[in-house]
Amino acid sequence: MPFREINSKMVEATLAPGQQLFSQRGAMLAYRGEVSFTPNIQGGQGGVASMIGRRVAGEATPLMTVEGSGTVMFGHGGHHIQVINLSGDTLYVEADRLLAFDGTLQQGTMFMGSQGGVMGMVRGQVTGQGLFTTTLKGHGAVAVMAHGGVIELPITPGRDVHVDPQAYVAHHGDVRNKLSTAVGWRDMVGRGSGEAFQLELSGSGAVYVQASEEKL
């Protein structure tokens, strides 16, 4: 169920009987046809474990289950929307950046420290995005939100990408991340972006970067 980009701030999804998608509460702008919206209390396809993980992380973004037959238009807060199509791989994205995604995708929660060790944990503290990141895996489409537009940067072996942690939106592929700093440990306290911190991504995949460091 691909999303059709109406403009940079609105997308449209077509629903058929038996299909479903999940959206952030308040994201529906308009719809045509027989479509229902139901609060989701199980955290999407990830079940209770996913919901608990997100609440522990402070990412208890409420979801709506969308079902029926028709078309639905989504947008939220005037944010830029980027559509990402997954072909069996896993997308890592902060929960509050999710606008809507296919119900066929399996949702989970990843502890950032599991990828970046202690530095990955520090990244969560520094950016205020939490130590947990939402994962979406499978075949389907995801619509994410960002400020000021998004660019997709490829990550290839031997060509690492360094991103300001607050400009980071999402990434997918076989990618490892760690927080590096150009200053000493003591100087890190109280600094959250810019030259003091760099999120280093290596491996094979892509990272999505927003034009503004403003948080959602």
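Conventions and cut-offs
- Residues numbered from 1 in each chain as written.
- Predicted model: local features only at pLDDT ≥ 70, side-chain atom pairs only at ≥ 80, totals over all residues.
- Heavy atoms only, no water.
- Helix = DSSP H or I, 4+ residues; strand = E, 2+ residues; numbered from the N terminus.
- Buried < 20%, exposed > 50% of the residue type's maximum accessible area, 1.4 Å probe, protein only.
- Contact = heavy atoms within 4.5 Å.
- Areas by Shrake-Rupley, 256 points an atom, 1.4 Å probe, with all protein chains shown as cover.
- Salt bridge = Lys/Arg side-chain N within 4 Å of Asp/Glu carboxyl O.
- Phe/Tyr/Trp six-rings, centres within 6.5 Å; stacked < 30°, edge-to-face > 60°.
- Pairing = 2+ DSSP bridges.

A. Structural view of the overall build of the protein. Helix and strand content of the protein: three helices and 13 strands. Considering the protein as a whole, with its 216 residues, one finds that 50% of them fall into the buried category. Taking contacts inside the protein between residues at least 6 apart in sequence as the whole, the part at least 24 apart equals 80%. Within the structure as shown, the protein displays about 9,800 Å² of accessible surface, and the carbon and sulfur contribution to it stands at 52%.

B. Up close: the pattern of salt bridges. Following the criterion strictly, the structure yields two salt bridges and no others. R32 is paired through a salt bridge with E12; the nearest N and O atoms lie 3.0 Å apart. One end of the pair, R32, is in strand β4 (residues 28-40); the other, E12, is in strand β2 (residues 10-15), and 20 residues separate them in sequence. Classification of E12 as buried rests on a relative accessible area of 8%. Through salt bridges that share partners, R4, E12 and R32 make up one connected network.

C. The arrangement of the packing of aromatic side chains in detail. Enumeration according to the criterion identifies two aromatic pairs in this entry. For the pair F22 and F101, a centre-to-centre distance of 5.5 Å together with 40 degrees between the ring planes defines the contact as tilted. With F22 in strand β3 (residues 20-24) and F101 in strand β7 (residues 98-102), the pair connects residues that are 79 residues apart, well separated along the chain. Considered together, F22 and F101 belong to a single accessibility category, that of buried residues.

D. Just the environment of G108, in detail. The topology assignment puts G108 in strand β8 (residues 106-111). Each C-alpha atom of the pair G108 and T135 lies 5.0 Å from the other, and the pair is 27 residues apart in sequence.

E. Quick peek at the environment of E34. Relative to the elements of secondary structure, E34 occurs in strand β4. Residue class for E34 comes out exposed when judged on its relative accessible area of 66%. Those residues in contact with E34 that lie beyond four places of it in its chain are E67, G68 and S69.

F. Broad picture of the pairing of β2. Here strand β1 (residues 3-7) runs beside β2; their pairing, made up of four bridges, is antiparallel. Residue pairing in the sheet places E5 in a bridge with V11 of β2. Linkage of β1 to β2, two consecutive antiparallel strands, is achieved through a turn of two residues. Judged from the five bridges that link them, β2 and strand β5 (residues 63-74) form a sheet pairing that is antiparallel. When the sheet's bridge partners are listed, V11 is paired in β5 with F74.

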